[in-house]
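Coordinates in review
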Amino acid sequence: MDPVIIVGAGPVGLTLALALARQEVPSVVLDEGPGKDEPRPARTVVLPEDTAALMTRLSGAPLDELGARWTGWRSMRRRQMMREVLFDDATEPSPLHIAQHVLTNALRTAIADEPLVKVATDSRLDSVEQERSGVTAHTRGPRGTWWRGSYLVGCDGPRSTVRKLLDIRFPGRTAVERHAVAALRAELPWPGQALLHRTPPWRMSGPSAGEVTARPLPDGVWRLDWLLPPGKDLVTPELLVNRIRETLAGWTGGTTPPYDLLDTGVHTVHHRLARRWRVGRVFVAGDAAHLLGALGTHGLDEGLRDVDNLAWKLAPAWHHGPHEALLDSYQTERRTAVAARLRAADQVLPVLRGGRGLRGFVPGASRGHDALLTDGHLGHGALGAPGAYADSPLAPRQLEHEIPVDTPPGAPVTDVRVTAEDGTFVPLRSRLGRGALLVVLVAPGTGVWDRKHWVSAGIMPRLAAAVTALPHPAELLVAEAYPGAPAHTVLLVRPDGHLVTALNGVRPADLYAAAEATLGGKDKDRPEKERTKPERAGTERTGTERTGTERTGTERAGTERTATDRTETEADTRSGSPAR
């Protein structure tokens, strides 16, 4: 089987390559650049706890040391404190704030040690051909090269060549918001805490929309964002320096403290959603599939969720042959989730940004607006919460013994401590992304006794037999507790950490039906029982054989075709319908 071709070597493409390698799927990453990223301290990302855990799991890097975990969040209006949130691991985990080039370099370092991933630098895609058995891609560069792959995933950004070659429309709205951005080293009065300051009480030079955000980074560095009013006013270096001095003086009592300016920029937010995310054996993900990020730093989070969703569905297709319902569910689940966030932003932001609006008529509306913005920044509510797949085509139907827990079906699971099959205590999230389903038994008291005392007692043997009989490899874990789950609840969790169902006890028939639905249901072209890793070992090719089939442009010159980039029309700029 040929490797998966990944177009684009940004954080989304590199994450997909590592996620596939974790499931023994080889890939070739086509990087149009030289393989290095320019340091840009003002270009940062904020990752919620579950996405940060995904990045740490795949990169193996100490991201908490490379980025910053905030100690708290403040929301202010003029001189009044509207809300303060203090972070702790138990009730309110802090998001991870990290420079994007630092994150990318950590992923590149992990890939350098991964034999199943090959990175081809200075390779710019210019054509894609696909047929029933695979995909062929051609790249320009120092030497024209043809690449043969089983699938191709375009992670090549907002100007995606893959999307254009497939003639996929990309409607939406341009310049929804603009932010002037600066990264600087300074001492501020609230070390370690992020700040959202609306309508600050000092006068600002130049155009201003009355909103400033400060987010700490390591080593005393801060990223500052100033929301700009609608329009195309030029943000000059002089204007930005004046804005920095005025803001720092306002926060520190009237005198501008010493600071070291590291980087500046203007961040323009667009809202767009691709019509299709899959065409045959070709997929798009990340900014190639959607553009969002009205709060300045959350656009990458959805791209990482894209590839986490796609990787575990490509893996069984690569190992055992395609299951169309499973592959189709990538577009259905992810496009629906991103569309919901875009709709929420289009509906809420005009109210929050629209001048007086409801504040002039409804007492207390300002406090509600600040709460909406704070929740969005912290990954909660309509603007920030991760998408759930409650209406997924993979959701099981009519399970007789299903019960509710605090996590709705289709939502990301809570990261509780579990006992693994070898008796070690590990976080639940650490077992994700291996391609296996997770079956979690809630059994109070199991953390007190050694595993050997209860592994063969009570309902465990019957549950172990049910897990062994599932139509896909699964790992049996035991948790002392799970939010909202009574004793002896059995949870079925997808490889990407979303809950499939919760059952009231060991119900082999329901468990099997739920697992089968999670894999896309029955498929006549698919074996009844997928082969396990030991069964595949005898037919598995070496890393050299599956890192890619590379042919020169001379060998394929007779079949090379030219792709014409088509101009995409902008459509549906109406609020709430970016993809209509």
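Right above here is the structure, for reference.
Before going into details, it helps to say that this report is about the structure given with it. (Residues numbered from 1 in each chain as written. Predicted model: local features only at pLDDT ≥ 70, side-chain atom pairs only at ≥ 80, totals over all residues. Heavy atoms only, no water.)

1. Observations concerning the pairing of strand E2 (residues 27-30)
Neither face of E2 is open: one carries Ser27 and Val29, the other Val28 and Leu30, and all of them are buried. Across four bridges, the pairing between strand E1 (residues 4-7) and E2 is parallel. Note on E2: the bridge partner recorded for Ile6 is Val29. Read from E1 through helix H1 (residues 11-21) to E2, the crossover connection turns out right-handed. Here E2 runs beside strand E8 (residues 117-120); their pairing, made up of four bridges, is parallel. Note on E8: the bridge partner recorded for Leu30 is Ala120. (Buried < 20%, exposed > 50% of the residue type's maximum accessible area, 1.4 Å probe, protein only. Helix = DSSP H or I, 4+ residues; strand = E, 2+ residues; numbered from the N terminus. Pairing = 2+ DSSP bridges. Right-handed = clockwise from strand over helix to strand, strands pointing away.)

2. Regarding the sheet that holds E8
Spatially, the six strands line up as an open sheet ordered E8-E2-E1-E12-E19-E18, and their pairing is mixed. Sheet topology places E8 and strand E18 (278-279) at the edges, where each strand pairs with a single neighbour. Of the pairings in the sheet, the one linking E18 to strand E19 (residues 282-284) comprises two bridges and is antiparallel in character. When the bridges of E19 are listed, Val279 appears paired with Val282.

3. Regarding the environment of Ala517
Tracing the backbone through its elements, the reader meets Ala517 in helix H13 (residues 508-518). On the basis of relative accessible area, Ala517 is assigned to the buried category, the value being 17%. A sequence separation of 192 residues divides Ala517 from Ala325, and the C-alpha atoms of the two residues are 9.9 Å apart. Beyond its immediate chain neighbours, meaning those up to four positions away, Ala517 contacts Leu394, Ala395 and Pro396. (Contact = heavy atoms within 4.5 Å.)

4. Points about the sheet that holds strand E23 (residues 437-442)
An order of E22-E21-E24-E23-E25-E26 is seen for the six strands of this open sheet, with the pairing classed as mixed. Each edge of the open sheet carries a strand with a single partner, namely strand E22 (425-427) and strand E26 (499-504). Strand-to-strand twist in this sheet, taken as the mean axis angle between neighbours without regard to direction, amounts to 35°. As paired strands, strand E21 (residues 417-419) and strand E24 (residues 474-479) are joined by two bridges and run antiparallel to one another. Within the sheet, the bridge partner assigned to Thr419 lies in E24 and is Val478. The strands touched by helix H12 (residues 460-468) are E23, E24 and strand E25 (489-493); relative to E24, the strand with the most contacts, the crossing angle is about 150°. (Axes fitted to C-alpha atoms, helices over the stretch in contact; angles between N-to-C directions.)

5. With respect to the pattern of salt bridges
Inspection of every chain in the model, using the stated rule, returns 29 salt bridges. We note a salt bridge from Arg431 to Glu475, for which the minimum N-O separation is 2.8 Å. Residue Arg431 is located in the loop between E22 and E23, and its partner Glu475 is located in strand E24; the two are separated by 44 residues in the primary sequence. Take Glu475: its relative accessible area is 10%, and that puts it in the buried class. (Salt bridge = Lys/Arg side-chain N within 4 Å of Asp/Glu carboxyl O.)

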